[in-house]
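# A closer look at the structure
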Amino acid sequence: MPNYLSPGVYVEEVSSGSKPIEGVGTAVCAFVGFAEKGPVDTPVLVTNWTQFVGHFGEFSEGSYLAHSVYGYFLNGGGSAYVVRIEAPQGEESEAVAAGAVLTGPGTARRKVLGVRALAAGAEGNGLVVETTAGEGETFGLVVKRGSQVLETFEGLTAGKGARSAAEVVRRESRLISVQQLEAAVPAAGTTALTGGADATGAAGPLNPQTFVGSTADRSGIAGLEAVDEVTMLAVPDLMSCLRAGLLDRDGVKAVQLAMIAHCELMGDRVAVLDTPPDLNAQQVQAWRVEEAGYDSKYAALYWPWVNVLDPVTGKPSPLPPSGHVAGVWARSDGTRGVHKAPANEVVRGALSMELAITPREQDHLNPQGVNCIRAFPGQGIRIWGARTLSSDPEWRYLNVRRLFNYVEKSILSGTNWVVFEPNDPKLWDSVKRTVTMFLRGVWREGALFGRTPDDAFYVKCDAENNPSEARDQGILTVEIGISVVKPAEFVVFRISQFADGASLDE
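All of these numbers come straight from a predicted model, not from anything done at the bench. (Residues numbered from 1 in each chain as written. Predicted model: local features only at pLDDT ≥ 70, side-chain atom pairs only at ≥ 80, totals over all residues. Heavy atoms only, no water.)

On to the sheet that holds strand β5 (residues 111-117), then. Two modes of strand pairing occur in sheets, parallel and antiparallel, and in both the strands are linked by backbone hydrogen bonds. Strand order across the open sheet formed by 3 strands is β4-β5-β9, with antiparallel pairing between neighbours. Edge positions in the open sheet fall to β4 (99-103) and β9 (176-180), since each of these has one partner strand only. Across the sheet, the mean angle separating the axes of adjacent strands is 20 degrees when strand polarity is ignored. Here 5 bridges tie β5 to β9, and the two strands are oriented antiparallel to one another. In the sheet register, Gly114 faces β9, and the bridge partner there is Gln179. Strands in contact with helix α3 (residues 165-172) are β5 and β9; relative to β9, the strand with the most contacts, it is inclined by about 165 degrees. (Pairing = 2+ DSSP bridges. Helix = DSSP H or I, 4+ residues; strand = E, 2+ residues; numbered from the N terminus. Axes fitted to C-alpha atoms, helices over the stretch in contact; angles between N-to-C directions. Contact = heavy atoms within 4.5 Å.)

Considering all chains together, one arrives at 14 aromatic pairs under this definition. Site record: aromatic cluster; members linked through ring pairs are Trp49, Phe52, Phe56, Phe59 and Tyr70. The ring of Trp395 is capped by Arg401, whose NZ or CZ atom sits 4.4 Å from the centre of that ring. (Phe/Tyr/Trp six-rings, centres within 6.5 Å; stacked < 30°, edge-to-face > 60°. Lys NZ or Arg CZ within 6 Å of the ring centre and 35° of its normal.)

Together, Val491, Phe493 and Ile495 line one region of the surface with nonpolar side chains, adding up to about 420 Å² of accessible area. Positionally, Ile495 belongs in the segment after β21 (479-482). (Patch = residues over 30% accessible without salt bridge, like charges linked within 9 Å, V, L, I, M, F, W, Y side chains within 5 Å. Areas by Shrake-Rupley, 256 points an atom, 1.4 Å probe, with all protein chains shown as cover. Salt bridge = Lys/Arg side-chain N within 4 Å of Asp/Glu carboxyl O.)

All right, on to the layout of surface pockets then. Looking at the largest pocket, its volume works out to about 640 Å³. At 3 residues, helix α9 (residues 359-365) tops the list of elements feeding residues into the lining of the largest pocket. Residues of the lining of the largest pocket, tallied by class, amount to 13 nonpolar, 7 polar and 7 charged. Of the voids in this model, the second largest pocket is the one considered here, and its volume is about 500 Å³. In terms of lining, the second largest pocket is formed by 22 residues, of which the most central are Thr415, Val418, Leu476, Thr477 and Val478. Among the secondary structure elements, those contributing two or more residues to the lining of the second largest pocket are α10 (398-414), α11 (425-444) and β21. (1 Å grid on protein atoms, 1.4 Å probe; cavity = no way out; pocket = protein on both sides within 12 Å on 5 of 7 lines; lining within 4 Å. Points joined across faces, edges and corners; volume = space filled by probe spheres on them. Nonpolar A, V, L, I, M, F, W, Y, C, P; charged D, E, K, R; others polar.)

This part covers the sheet that holds strand β7 (residues 138-145). Sheet architecture is open: 4 strands sit in the order β8-β7-β6-β10, paired in antiparallel fashion. Every interior strand has two partners, whereas the edge strands, β8 (148-157) and β10 (189-192), have only one. Mean inter-strand twist for the sheet, computed between neighbouring axes without regard to direction, equals 20 degrees. Sheet topology places β7 next to β8; 7 bridges connect them, and they run antiparallel. Residue pairing in the sheet places Val143 in a bridge with Glu151 of β8.

Structural measurements only, silent on function.
Next comes the structure, spelled out in structure tokens:
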């Protein structure tokens, strides 16, 4: 208490002891993949496409990251964290020109003429040199590709001089160079140029650990443990590596399992998974059920891939849908709320699907947790599923999982003030009042099922669940129950005939 030493009027600011709980953000996606520039293994916050280009560059060939981030913002995404990883490079080598050695006549087979393609690379392997006999000590060279004659040189001499093979070919040929190894005329015959090789610098086989990363090093997926704001996780370049042969399907499965494990560990985010490319409905079901077999309430799987306009080629190109789907989640959260299933929403930027599917095919995939993307006449391309990969019916629907994430994280962030407060009935009432006010707001938004707040949730914090032995251990327990709104996934209209003039009351 302050000391009052002189007469007067004093004003004191008094804290009520409790603070309102504010809802946390629900639509921040983390992307992991390859980019043409930018910091490596450092989560960078970008809030629009221009910022992404400034940090990581434009669209790059062989990478899906930029396309996916573009699709995310196009579909309504507001903020994203991007982690650029680098693939280990193989040994680089320069291009090698194809060549051949022409030998002299007789049995000694002396090397008399060296021939080499002017253009370095494997293309020179298709050239063939034919040696023809001329008058006296002269000879001719015909340079061919298959049966097509490309260049002809006649009246060539061995050794030095104006008509030497080396000098004439140097002046006139656009395809080969010649070196006189010995002053002799080569034997008549045909010789193919070989040994040409293109420059190499492509990445070798990729270790899945490059994507997974390390918490200690703050690298890859694991490095995102340090970013609290993330609520979605997508790794579209996992599929670019599969398509390029840098990873096999076991490697893809290893990384996706790491994505799921990361989301389960954090408990506040959901993994958006892609299927391998070029799969039909039966193959997707086999991948989901037999090969991958994931069972998690923190992951959702989408199929098929979507065709988008590739700015590099100007043509439609298939793209794994995770980036576009994450944007739809964000858009749905902003317009309707996290409790609304992010389905029956248009996928902006999708020209078509990689494979058009039928309702009967979705009949087999939907119960397995494969969320299909379908085209409807006059309604565009829409996400037509909202399930997790969990076998537990309680966590079947994606919006239920994400609503719990939102409620749990909001309460966790909004009740830090409780730590180290006196654990007494005054604190219990204060905590109960704070949580109740927050959940009443959630109920008013339509996220909880019930005609009244008492029907929709309860909060219990009293002596019964905080006995003396728990208080002696410094533990405060608050029990919360909420009734979540489930989506109307199956809409059934029962239609029947009735006699003219009859009523339902008869």
